[in-house]
Amino acid sequence: MKSWSLSAVAAAATAIFFLSSTAQPAAAAVVEHTFVVSRMKMTHLGKETVVAVVNGQLPGPAIEVTEGDSVAVHVVNHSPYNITIHWHGVRQWRNCWADGVPMITQCPILPNHSFTYRFDVAGQEGTLWWHAHVACLRATLHGALIIRPRHGAASYPFPKPHREVPIVIGEWWQVDLDQLDRNMVDGQLSDHPSAATINGKLGDLHNFSGAVEDGYLLDVEPGKTYLLRVINAALYSEYYLKIAGHKFTVVAADANYVNPYTTDIVAIAPGQTLDALVVADAPPGRYYMVALANQSPEPDLQLPEFITRGTVQYSNIIHGLAGNGASGEVPVAPDMPDQHDTMTSFYFHGNLTSLRHAPPVPERADERLFVTLGLGSICRRGGSCERSGSSESIIVATMNNVSFELPAAATTTLLEAHYHRTGGADDALLELPDKPPVAFDFTDPGLIPWGPKEAPLEATSRGTMARRFRHGAAVEVVFQSTAVMKSDSNPMHLHGHDMFVLAQGVGNYDAARDVARYNLVDPPLRNTVQVPRVGWVAVRFVADNPGVWYMHCHYGFHLSMGMAAVFIVEDGPTANTSLPPPPADLPTCNPDDDLGLDEFSLQTNRSEVMRK
């Protein structure tokens, strides 16, 4: 059987430069899709649930393009919800208008309305994805966005795979996602999904009254190489993914090529994507593909263990045994880490390095931010109140001790106010400070439980937090996870830019010690960086894309609770470095629509829906 060694992968990475100069590039095209957003009933675990979907599919349709193509997606909203679609990881060069964040870059698409997103895909190759950016609806409104090289599959910097396979890790929720979001905005963290999924299937670990749930099935041919395009679309958890008897060779992350990294397990946080080669070089048989959610240990609030599995099945075994082991040969199962093992994630992310060296890594930063990520509380009625779990206060998520909210009196989006310099936009913004207001032992485990240790650090505030950068500035951000009330990791996503991941560590960041560890040679580029549990990550990016860009945690509960800010990149000196005018058909905000004018308002008022 034929298998690819690490040296073969490295040789293919070298060969790409010759192939790129000799292969005939594909002509740029306009790729069009129509996304009809509606609701449908689905039954899992013996219960019928109404979910929002695109084109009746879960996951939604994949968008497949060639680098250099233009994309037009006609979104028709037949749901009762206000909708936007975010093209996660697409740089949207000078096209912030199409980024799809409600009340930041656009007014939402109202029920029985439509809007066409138009954007170019240039300078990027690999796996990205799309999802709703309205509260928790991304749990069911999501799909793959695959960008292939313009010179064809022969120009991949790795052996040409026999087949490319999207693997979307998600969650199945048996609750109303509108109410889920409202609960999280109110600081309630008792909800959790009912199951994990692979490509929308719950797998054979789940059954109801003896009826076993279907699992994802991947048929493979002996000796063939498969490119798995892995996406974490979950709201709540980072996942470990493993296939019994097989190894992954990771070749890209967030649509950026990495030096080939061979491992038997990958870690992928919400919002992240990975491209990994798998060679079907095991003895013919059936093997479980397992996705396991990790979580912080006690005293953190504990969720049930979320685990799902599909099956990798060799084509030369008896096809009559297809399924997930209900009869016939039982698939081989992999040994999985403990669900509380977060160091496997730490080492996985730390082992990724960039294959290519363009754009160059900024050698020095023009601006530096130290941003703490954690929880706090605000008083429901203002003034003073009881905290530490009291009903008088609301638990919120923060960056540098401020929880994000949109201006209460806003009548236009932040991007339009920025572009037109109207609406008193600057007056409504609170500057994201360079550092937190108080320095303390950020990772002290004694801060996790309520009590006299965490109480003095709990009080926080809300505001429309923003930071302005001049065009072309090199920005360094050190994200520091904290242990106040919860010691989660934090997958931080920056819209409109990729970030060089220079270093990570466990414990408190110390510039005097840790700057010397920065990788300025081949750091990976990510649009979503996993800040480890009670640890830190240092990133740099060049603020060269004009607009108003969302920076936020990709855990659904942290986003709903306010772990977000906006990064405003000013125009450059020329037309080609400045934000163009908005498209003529950009949705408008009508105060009569009663949007609530915030990220977390899913529905217009009932009378508005009935009039349409």
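Values in this document were obtained by computation on a predicted structure and should not be read as measured data.

A. The pattern of salt bridges, seen in detail. Counted under the stated rule, the structure contains 23 salt bridges. With its nearest N and O atoms 2.6 Å apart, the salt bridge here joins Arg150 to Glu67. With Arg150 in the loop between strand 8 (142-148) and strand 9 (163-172) and Glu67 in the loop between strand 3 (63-66) and strand 4 (70-77), this residue pair connects regions lying 83 residues apart in the sequence. Judged by relative accessible area, which is 35%, Arg150 ranks as partly exposed. When its relative accessible area of 11% is taken as the criterion, Glu67 is described as buried. Between Glu164 and Arg148 there is a salt bridge, and its shortest N-O distance comes to 2.9 Å. Taken together, the positions of Glu164 in strand 9 and Arg148 in strand 8 put the pair 16 residues apart, joining distant regions of the chain. Among the charged side chains, a network of salt bridges with common partners joins Glu64, Arg148, Glu164, Arg229 and Asp275.

B. Expanded view of unusual backbone geometry. Residue Pro59 is bonded to the preceding Leu58 through a cis peptide linkage, with omega at -5 degrees. Its location among the elements puts Pro59 in the loop between strand 2 (47-54) and strand 3. In this structure, the amide linkage connecting Glu298 to the following residue, Pro299, adopts the cis form with an omega of 15 degrees. Inspection of the secondary structure assignment puts Pro299 in the loop between strand 20 (286-293) and strand 21 (307-314). Not every positive phi belongs to a glycine, and Met103 is a case in point at roughly 65 degrees. Along the chain, Met103 turns up in the loop between strand 5 (85-88) and strand 6 (114-120). Assessed through its relative accessible area of 3%, Met103 is described here as buried. Positive phi values are uncommon outside glycine, yet Ser209 reaches one of about 55 degrees. On the secondary structure map, Ser209 appears in the loop between strand 11 (207-208) and strand 12 (211-212). Classification of Ser209 by relative accessible area gives exposed; the value is 69%.

C. Representation of the state of the cysteines. In the structure shown here, the tally under the stated rule is two disulfides. The residue that forms a disulfide with Cys107 is Cys589, at a sulfur-sulfur distance of 1.7 Å. Given an S-S torsion of about -110 degrees, the disulfide between Cys107 and Cys589 has left-handed geometry. Placement of the pair is Cys107 in the loop between strand 5 and strand 6 and Cys589 in the loop between strand 34 (564-569) and helix 8 (606-611), with a sequence separation of 482 residues. An identical accessibility class is assigned to Cys107 and Cys589; each is buried. Between Cys379 and Cys385 runs a disulfide, and the two sulfur atoms are separated by 2.1 Å. The S-S bond linking Cys379 to Cys385 shows a torsion near -80 degrees; that makes this disulfide left-handed. By relative accessible area, Cys379 is classed as buried at 11%. Once the disulfide-bonded cysteines of the protein are ranked by sequence position, their pairing pattern turns out to be 1-4, 2-3.

Calculation notes
Residues numbered from 1 in each chain as written. Predicted model: local features only at pLDDT ≥ 70, side-chain atom pairs only at ≥ 80, totals over all residues. Heavy atoms only, no water. Salt bridge = Lys/Arg side-chain N within 4 Å of Asp/Glu carboxyl O. Helix = DSSP H or I, 4+ residues; strand = E, 2+ residues; numbered from the N terminus. Buried < 20%, exposed > 50% of the residue type's maximum accessible area, 1.4 Å probe, protein only. Disulfide = S-S within 2.5 Å.

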